[in-house]
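Descriptive structure summary
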Amino acid sequence: MKKLFILLALVFLISGCTTIDYDNLDEVVNEMLINDTELHNQNYEGYQYYLPREMKVVDKDDYNTVLSYKNSKMYLYVDIISYYHKVETKYEEDKTAYFSKTLDYNGKKGYITITKEDEEYYLEMAYNYGKIEAYTNEENLTDTVINACYILRTLKYNDIIIESLIGENVIEYKEEKFDLFESDSSNSNYLDAVDEGDNYGKEDDQGEILLDDDSIKLEDSDDLNN
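These lines cover the structure that appears in this document, whether it is placed above or below. Source: prediction; values computed, not measured. (Residues numbered from 1 in each chain as written. Predicted model: local features only at pLDDT ≥ 70, side-chain atom pairs only at ≥ 80, totals over all residues. Heavy atoms only, no water.)

1. Here we look at the pairing of strand E3 (residues 56–61)
Note: E3 against strand E4 (residues 64–69), five bridges, orientation antiparallel. Following the sheet pairing, aspartate 59 is matched in E4 by valine 66. (Pairing = 2+ DSSP bridges. Helix = DSSP H or I, 4+ residues; strand = E, 2+ residues; numbered from the N terminus.)

2. Topic: the side chain of asparagine 41
Note on placement: asparagine 41 falls in the loop between helix H2 (25–33) and strand E1 (42–44). On the basis of relative accessible area, asparagine 41 is assigned to the buried category, the value being 7%. (Buried < 20%, exposed > 50% of the residue type's maximum accessible area, 1.4 Å probe, protein only.)

3. Observations regarding the pattern of salt bridges
Within this structure, the stated rule accounts for six salt bridges. With a closest N to O distance of 3.3 Å, lysine 156 and glutamate 38 form a salt bridge. Pair noted here: lysine 156 is in strand E10 (residues 156–157) and glutamate 38 is in the loop between H2 and E1, with a separation of 118 residues, a long-range link. (Salt bridge = Lys/Arg side-chain N within 4 Å of Asp/Glu carboxyl O.)

4. A word on the packing of aromatic side chains
Counted according to the given criterion, the structure contains 11 aromatic pairs. Ring geometry for tyrosine 83 against tyrosine 157: centres 4.2 Å apart, planes inclined by 20 degrees, an arrangement best described as stacked. Within this pair, whereas tyrosine 83 is found in helix H3 (residues 80–85), its partner tyrosine 157 is found in strand E10, the two being separated by 74 residues in sequence. In terms of burial, tyrosine 83 and tyrosine 157 fall into one category: buried. Taken together, Tyr44, Tyr47, Tyr49 and Tyr63 form an aromatic cluster joined through their ring pairs. The ring of tyrosine 150 has arginine 153 lying over it, and the distance from NZ or CZ to the ring centre is 4.9 Å. (Phe/Tyr/Trp six-rings, centres within 6.5 Å; stacked < 30°, edge-to-face > 60°. Lys NZ or Arg CZ within 6 Å of the ring centre and 35° of its normal.)

Quick look at the structure:
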């Protein structure tokens, strides 16, 4: 019966309905990450991942992507530098947080921390060399965690492209800190850096964006038609 419920939950995710009545966040994370999937509908230079249909890409700047979900934003960073050098996440579970868990599934590692700030919840999840940060309310907390798990677990890297970008044969490349996912970082440098006035964008009918540009700004479909 439990396996049937989990299967139905995943079907809802793929079809775009992500409302699942879970009370235990630990169970949510475990069931979402325990199995791998080859699904993807977002393809960029060196990596790809699956974006649930209820979510939209609002903005992309290099390896930083702003996503929208139910009138709130989620911020994704893909750390190909740490992936290339196989830098492992360092994290100690925070007993004072609303929820804190070390992640280790199928050779992929990371962590998830949720803290309550007034009436909002701050989610920070690093896994599989990707990181998602978001603020959400209690009503959408579980769905936000599910979406974050789905995106990060489906991250898949293209070693040939990454080697061409940052391999030993490349003379110059942007330097990145290898300790991006250190747990002592204050709540999202990227959250603070992104302009809160960004407009939400639209994706195509198939929910797929095939781009190699380092920096893109997606406009509303109405704007594109004018």
